[in-house]
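# Survey of secondary and tertiary structure
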Amino acid sequence: MNASAHQRIVRIAALPAVHRAFQWLHLQEQRFRQWQIDLTRIPAPPFGEAKRAAWTLEQMQTLSLTSTGIDGAGNAIGYLRPPVPGEPLLLLSAHLDTVFPQETAIDVREDGDLLHAPGICDNGAGVAGLLALIGSILHAGLPLATNILFAANVGEEAEGNLRGMRHLFHGEMGPRITTAIALEGSGTETVVTRALGSKRFQVTVAGPGGHSWTDAGRANPIVTLARAIAELTPHSLLEDPRTTINVGTIQGGTSVTAIPEVATALFDLRSVDEGELLASEVRLFRAVEDAVLAANLSPGKDLSTEENLRFHIRSIGDRPAATLPEDSPLLQTIQAVDRHLGIRTSERVGSTDANLPLSLGIQAVAIGAGGRGGGIHTLREWYDPRGREIALRRILLTLVDRCDLK
Ligand SMILES: [Zn+2]
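Residues numbered from 1 in each chain as written. Predicted model: local features only at pLDDT ≥ 70, side-chain atom pairs only at ≥ 80, totals over all residues. Heavy atoms only, no water.

Where we set the bar: UniProt positions are given in the numbering used here, feature names are shortened, and annotations may be inferred rather than shown by experiment.
The chain has the name Peptidase M20 in an unreviewed UniProt entry, where Terriglobus saanensis is given as its organism. For the record of the chain, the UniProt heading Cofactor (unreviewed entry) holds the text "Zn(2+)".

### Remarks on the UniProt feature "domain: Peptidase M20 dimerisation" (unreviewed entry) in the chain
Rules: Helix numbering and strand numbering both begin at the N terminus, where a helix is a DSSP run of H or I of at least 4 residues and a strand a DSSP run of E of at least 2.
UniProt records the feature "domain: Peptidase M20 dimerisation" (unreviewed entry) for residues 197–276 in the present numbering. Annotated as residues 197–276, this span is 19% helix and 45% strand, and its ends, taken at the C-alpha atoms, are 10 Å apart.

### Observations concerning the coordination of the zinc ion
Reference values for coordination geometry: four tetrahedral donors around a metal ideally subtend 109.5 degrees, six octahedral donors ideally subtend 90 or 180 degrees. Our working rule: Counted as donors are the N, O and S atoms within 2.8 Å of the metal, or 3.2 Å for Na, K and Ca, while water is not among the atoms, so some sites may look incomplete. Each residue gets one of three labels from its accessible area relative to the maximum for its type: buried under 20%, exposed over 50%, partly exposed in between, using a 1.4 Å probe on protein chains only.
Protein ligation of the zinc ion involves His95 (NE2), Asp122 (OD) and Glu184 (OE), the donor distances falling in the range 1.9 to 2.1 Å. The sequence pattern formed by the donor residues of the zinc ion is H-x26-D-x61-E. Of this pair, His95 sits in strand β3 (residues 89–95) while Asp122 sits in the loop between β5 (114–116) and α5 (124–140), and the two are 27 residues apart along the sequence. Judged on exposure class, the residue His95 and its partner Asp122 are both buried.

### As for the sheet that holds strand β20 (residues 382–384)
Rule in force here: Two strands form a pair only when DSSP identifies at least two bridges running between them. Comment: axis = line fitted to C-alpha atoms, over the contacting stretch for helices; angle = value between 0 and 180 degrees taken between N-to-C directions.
The 4 strands are arranged β4-β5-β20-β19 in an open sheet whose pairing can be described as antiparallel. Of all strands in the sheet, those with a lone pairing partner are β4 (109–111) and β19 (372–374), marking the two edges. Geometrically, the sheet is characterised by an average inter-axis angle of 20° between neighbouring strands, direction not taken into account. Bridge analysis of β5 against β20 gives 2 bridges, and the strand direction is antiparallel. Following the sheet pairing, His116 is matched in β20 by Trp382.

### A short note on the domain arrangement of the chain
Keep this limit in mind: Note: domain ranges come from an automatic or database domain assignment. In this description, contact between two residues means that some pair of their heavy atoms is separated by no more than 4.5 Å. Throughout, buried area stands for the accessible area (probe radius 1.4 Å) lost by two parts on being put together, summed over both. For this analysis, a polar contact is any N or O atom pair within 3.5 Å, provided that within protein one partner can donate a hydrogen and the other can accept it, and provided that sequence-adjacent residues contribute only side-chain to side-chain pairs.
What the domain assignment reports for the chain is domain 1 (3–195 + 322–403) and domain 2 (197–319). Tallying the contact residues gives 12 residues for domain 1 and 9 residues for domain 2. Across the interface of domain 1 and domain 2, roughly 740 Å² is buried in total on both sides, 35% from carbon and sulfur atoms. Counting across the interface, domain 1 meets domain 2 through 5 residue pairs in polar contact (both at pLDDT 80 or more).

### Overview of the packing of aromatic side chains
Under the convention used in this document: For Phe, Tyr and Trp, rings pair up if their centres lie within 6.5 Å, where Trp contributes its six-membered ring, and each pair is then called stacked (planes under 30 degrees apart), edge-to-face (over 60) or tilted (otherwise).
Tallied over the entire structure, the rule returns 3 aromatic pairs. Taking 5.8 Å as the distance between ring centres and 45° as the angle between the ring planes, the aromatic pair formed by Trp24 and Phe32 counts as tilted. According to the relative accessible area criterion, Trp24 is buried, its value standing at 9%. Of the residues examined, Phe32 reaches a relative accessible area of 1% and is grouped as buried. Relative to Trp35, the ring of Phe32 has its centre 5.7 Å away and its plane inclined at 20°; by these criteria the two rings are stacked. One end of the pair is Phe32 and the other is Trp35, both in helix α3 (residues 29–40) and 3 residues apart, which spans about a single turn. With respect to burial, Phe32 and Trp35 carry one shared label: buried.

### Describing the layout of surface pockets
Let me state the cut-off plainly: Buried and open spaces are told apart on a 1 Å grid over the protein atoms alone, a cavity being a set of points where a 1.4 Å probe fits but cannot get out and a pocket being an open set with protein on both sides within 12 Å along at least five of seven lines. Residues with an atom within 4 Å of a point are the lining residues. Grid points are joined across faces, edges and corners, and a volume is the space filled by probe spheres set on the points. Ten residues, namely Ala, Val, Leu, Ile, Met, Phe, Trp, Tyr, Cys and Pro, are considered nonpolar, four, namely Asp, Glu, Lys and Arg, are considered charged, and the remaining ones, Gly among them, are considered polar.
Empty space within the largest pocket amounts to approximately 820 Å³. Here the lining of the largest pocket takes 4 residues from strand β14 (residues 262–271), the largest share from any one element. Taken together, the residues of the lining of the largest pocket sort by class into 11 nonpolar, 11 polar and 10 charged.

### What about the pattern of salt bridges?
Quick reminder of the rule: The rule for a salt bridge is simple: a side-chain nitrogen of Lys or Arg has to be within 4 Å of a carboxyl oxygen of Asp or Glu.
Tallied over the full model, the rule gives 18 salt bridges. Notably, a salt bridge pairs Arg386 with Asp113, separated by 3.4 Å at the nearest N-O pair. Of the two residues, Arg386 is situated in the loop between β20 and α11 (388–403) and Asp113 in the loop between β4 and β5; the sequence distance between them amounts to 273 residues. Residue class for Arg386 comes out exposed when judged on its relative accessible area of 52%. In this structure Asp113 comes out as partly exposed when scored by relative accessible area, which is 37%.

### Focus on the packing of helix α9 (residues 329–341) against α11
This is how it is decided: Just so you know how the angles are binned, under 35 degrees is roughly parallel, over 145 roughly antiparallel, 65 to 115 roughly perpendicular, and the rest oblique. Crossing chirality is assigned from the near helix's rotation relative to the far helix, an anticlockwise turn below a right angle marking it left-handed and a clockwise turn marking it right-handed.
Taken N-terminus to C-terminus, the directions of α9 and α11 make an angle of 135°; their axes are 9 Å apart at the nearest point. Between α9 and α11, the crossing angle belongs to the class labelled oblique. Both α9 and α11 take part in a crossing whose hand is right-handed. Across the interface between the two elements, Pro329, Leu330, Thr333, Ile334, Val337, Asp338, His340 and Leu341 of α9 pack against Ile390, Arg393, Arg394, Leu397, Thr398, Asp401 and Arg402 of α11. Here the residues of the contact of α9 with α11 are counted per class, giving 7 nonpolar, 3 polar and 5 charged.

Following this line, the structure appears as structure tokens:
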């Protein structure tokens, strides 16, 4: 705990402009709730976020955010004030996308305070929080020294592969972002400071196929892929450092009476340790290669190469593992804010938009946007907004301290 950070927070929390911002947050819960309901009703599957981005942009403009627009990746963005070339920026973001396909019926059900709908918490809570913070900062006229780039970004979930963040950090503004805060779901105490690394692969095994009776003996892609999966199974969970391998989907074949021509499976490899993640990748490649080689050399098989199986392993996702240093100014600010508000800081490991800046050595966290939620990534997802206000105060104080006052 840093004593001077704590003194700064005490001073900031006493400022009239900060009180105006808190007051606005206190009075607008009904509006936040309505934002969350309205945006959750707009489907936003991976690569299909455009409508939700347009809706968010409209809210940003209604709140009088400056220099707004949709960027090249489809992120809805805006600034605290018109950006000046070369100035540093703080990025405050919340991802727009959900894991649910376009056709998922989204009906927001209200049950007292509780809201039920797929995506209501992840990341309905985050985007509503982003708009709430924009509203409070602009309403209170907080005299922040560092400009803020606000982004409701695309591509956080699964196959989105952080493309919204990649665009922001690899684009023109990227080198100027010194701090990044991603609003992620619910929670008041949590802060993700360790980025869980993941690598995702599509493995395809293909061969000539044939008739189940007359061509019997030819190598079978489904059997071969299954052998590779069985070979990986003993390595599917390592506790320390926690490392996992999952096969999530498997497809292949056309008929019960045909030797299949193709079999495909999707693998998700995760670890808190970059070295173990690499070791898992090597295991996957080796298991597939060994299974295909064994199939091609199996006794009874025609040894001509036309009858051989082939394989192809394609990367469909890559999120590096990284950790926010304990002495980073951002983490010290959050700890000081939490001390001031009486919150017990709970540092977590996560696979979030913060992975990207952390991997670039930029201080970043993912932080809960308040309230409570559950059933994440299922049709039973729910959100309880009670307590949202304290989490928004927490993030606001963090922003003011990291941006400094003019
Ligand atoms: Zn999320």
